[in-house]
Structures are given as structure tokens and as C-alpha cells.
Amino acid sequence: MDFEQLLEQRYTTKHYDSTRKVPDETVTKILECVRLTPTSVNAQPYHFYVLTGAAKDSLRPAIMDFNLQRYDGASHAIVITSQTAINEEHLAKVLAAEEQAGRLPTEDIKAAQDKSRHYFCNLHVTKGDFTTWTGKQAYSAFATLVYAAASYGVDSTALEGIEFDQVDSIMKLADKHETCALIVVLGYRAADDSNQLNKRPKSRLALADLVTYLN
Ligand SMILES: Cc1cc2nc3c(=O)[nH]c(=O)nc-3n(C[C@H](O)[C@H](O)[C@H](O)COP(=O)(O)O)c2cc1C
């Protein structure tokens, strides 16, 4: 299946088959794809918590009623968090990973890369939009997540219908200087899922409505 077909066929699942669980190795494959998401200055200022069992149940109070059925029916909840403050340990890890990958062949290049990344992080702190900026990176990862899942035959639902503050508080995210950006649940659609494309065809605006060419 080419990428356009994947985009045409993936849809938001509303009813899951709660008897089916996404295998651990498939979840790992999906997360390996997510790991490759590009981010501004390669900052990767996010984290992914994979919740099943009691940990998943503990978040139920933060899920709005209309989303509870999908939350419960799906086998996994991925809580995507974004950083709320510069995390020096994290930035050092990013730099070390780049060095290990062979992207920083000299000490000068390494220092310049570190300086430039800090410049952009500090810029957003100064502008007061650091968390907005990291949240945008988290949303990029969300797109990778749902399409990677679809490519492995796994269904998904993005959940903005949640009490973000409650997620933060239940998961004690403030202690880690993180906040919930979005939750995505993964599982397999129920045979009678109400949102299947033969019942509710996909709808998007036309290119002419969305795209303007400027010369
Ligand atoms: C960021 C985001 C948040 C969403 N939040 C919810 C949600 O809380 N509950 C839900 O049932 N669907 C949610 N959706 C699904 C959208 O309503 C759906 O993606 C949109 O209608 C397009 O349909 P499709 O995904 O089936 O192509 C969300 C989608 C996105 C991208």
C-alpha cells in the first residue's frame, strides 16, 4: 500500500474490540517509527508513556465521558507528554546520540550544535512559549504514531477530549517538568465500529480550499 492509500484508509476508530490486544512487538515497531519523527533542532522534547492494565485504568477519571468507550476498548493508551522547561540532562543525551551517530565529527561542530540548540530552546523560554513549542513537536509525533500504527494494521484514536490537568496530576507530570500534549489509544476496531469508512466516508476539504500557490 502506498502512503496516499494509507492516508485514505486510516480513520479514527470509535468502537474497539476489547478482546484483542496489540502485541508488544507491534507496539515496539510503532514506537520505533515514532522515534524517527523530525523535530525542531532535533530537540525531541517529548516522552511517550505506554499504559496498559492498572496504569491505563488509573487515567480513566481524566477521560471525558464521550471518549470512555474507546479508551476502555483499546488495549493501549499512549500518553504523549512535552517538556515544560529546558531539561539539560535530556539535551546532553540528544548531543551524545548525535555524536554517536557520527553527526558531530569535530569538537567545534559539536559545540556549535549544542549552542544552536540551546539558543532555540532559550529563545522560546524568553518568548514565553516554550511549552507551546514543545507541544507542537509532540503533535508531529502524533501523526507519525497513527500512520505507523495503520501501516501495521493497528487502529487508533487521538483523544483531545480529556482533562489535561487531571492527566498531569494523576501521572505527576509536573514533577518531571512535563505536561500531557495528547493521548492516543491503540487497538483493533470492533466489527461494527460506527466510524468505518463504508458507513462514514472520509471527508476533507478540496486542495483548492486548502492550498494557495504564490509566485
Ligand atoms: C488532535 C486530535 C484530537 C482528537 N480528539 C478526539 C477525541 O477526543 N475523540 C474522538 O473520538 N476523536 C478525536 N479526534 C478524531 C477527529 O475527530 C478525526 O480525526 C477527524 O474527524 C477526521 O476523521 P478521521 O480521523 O476518521 O479521518 C481527534 C483528532 C485529532 C487529530
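Owing to the predicted nature of the structure, the values given are computational and were not obtained by experimental measurement. (Residues numbered from 1 in each chain as written. Predicted model: local features only at pLDDT ≥ 70, side-chain atom pairs only at ≥ 80, totals over all residues. Heavy atoms only, no water.)

Observations regarding the pairing of strand β3 (residues 155–159)
Working step 1: Burial within β3 is extensive, with four of its five residues counted as buried.
Working step 2: Relative to strand β4 (residues 178–187), β3 runs antiparallel, the two sharing five bridges. Across the sheet, the residue bridging to T157 is V185, located in β4. (Buried < 20%, exposed > 50% of the residue type's maximum accessible area, 1.4 Å probe, protein only. Helix = DSSP H or I, 4+ residues; strand = E, 2+ residues; numbered from the N terminus. Pairing = 2+ DSSP bridges.)

With respect to the environment of N87
Working step 1: The topology assignment puts N87 in the loop between β2 (76–83) and α5 (88–100).
Working step 2: When the C-alpha atoms of N87 and K29 are compared, they prove to be 27 Å apart, with 58 residues separating the residues in sequence.
Working step 3: Here E89 takes part through its backbone nitrogen, which lies 3.1 Å from a polar atom of the side chain of N87. (Polar contact = N/O pair within 3.5 Å; in protein donor to acceptor, adjacent residues only side chain to side chain.)

Regarding the site of the ligand
Working step 1: The environment of the ligand is made up of 16 residues, and the closest members are T12, K14, N67, K202 and R204.
Working step 2: At a separation of 2.8 Å, an oxygen atom of the ligand approaches a polar side-chain atom of R70.
Working step 3: When the free accessible area of the ligand is taken as 620 Å², the share hidden by the protein chains comes to 70%.
Working step 4: Counting residues per element, the ones that place at least two in the shell around the ligand are α4 (65–73), α7 (130–151) and β3. (Near = heavy atom within 4 Å. Areas by Shrake-Rupley, 256 points an atom, 1.4 Å probe, with all protein chains shown as cover.)

Topic: the environment of G161
Working step 1: Along the chain, the position of G161 falls in the loop between β3 and α8 (164–170).
Working step 2: Using a relative accessible area of 11% as the deciding quantity, one classes G161 as buried.
Working step 3: C-alpha of G161 to C-alpha of F66: the two residues are 95 residues apart in sequence and 7.9 Å apart in space.
Working step 4: When near neighbours in sequence (up to four residues on either side) are disregarded, G161 contacts I63, M64, F66 and N67. (Contact = heavy atoms within 4.5 Å.)

Notes on the pattern of salt bridges
Working step 1: With the rule as written, the count across this model stands at six salt bridges.
Working step 2: Two residues, E98 and R117, come together in a salt bridge whose shortest N-O distance is 2.8 Å. Linking E98 in helix α5 with R117 in helix α6 (residues 107–127), this pair joins segments that are 19 residues apart in sequence.
Working step 3: Residue class for E98 comes out buried when judged on its relative accessible area of 3%.
Working step 4: D155 is paired through a salt bridge with R189; the nearest N and O atoms lie 2.9 Å apart. (Salt bridge = Lys/Arg side-chain N within 4 Å of Asp/Glu carboxyl O.)

Some thoughts on the packing of α5 against α6
Working step 1: Direction vectors running N to C along α5 and α6 enclose 145°, while the axes themselves pass 11 Å from each other. Crossing of α5 over α6 shows right-handed handedness. Contacts from E88, L91, V94, L95, E98 and E99 in α5 reach E107, K110, Q113, D114, R117, H118 and C121 in α6. (Axes fitted to C-alpha atoms, helices over the stretch in contact; angles between N-to-C directions. Left-handed = near helix turned anticlockwise from the far one by under 90°.)

Quick notes on the packing of aromatic side chains
Working step 1: The final tally for this structure, using the stated rule, is five aromatic pairs.
Working step 2: Taken together, a centroid distance of 6.3 Å and an interplanar angle of 70° make the contact between F3 and Y147 edge-to-face. On the criterion of sequence distance, the pair formed by F3 in helix α1 (residues 3–9) and Y147 in helix α7 is long-range, its members being 144 residues apart.
Working step 3: Looking at F3, the relative accessible area reads 54%, which means it is exposed.
Working step 4: Geometrically, the ring pair formed by F130 and W133 is tilted, given 5.8 Å between the ring centres and 55° between the ring planes. Residue F130 and its partner W133 are both found in helix α7; the two are separated by three residues, about one turn of the helix. When sorted by exposure, F130 lands in the same class as W133, which is buried.
Working step 5: Geometry around Y188 places R20 over its ring, the cationic atom sitting 3.9 Å from the centre.
Working step 6: Here the basic side chain of K56 rests over the ring of Y71, its NZ or CZ set 4.9 Å away from the ring centre. (Phe/Tyr/Trp six-rings, centres within 6.5 Å; stacked < 30°, edge-to-face > 60°. Lys NZ or Arg CZ within 6 Å of the ring centre and 35° of its normal.)

By themselves these figures say nothing about function.
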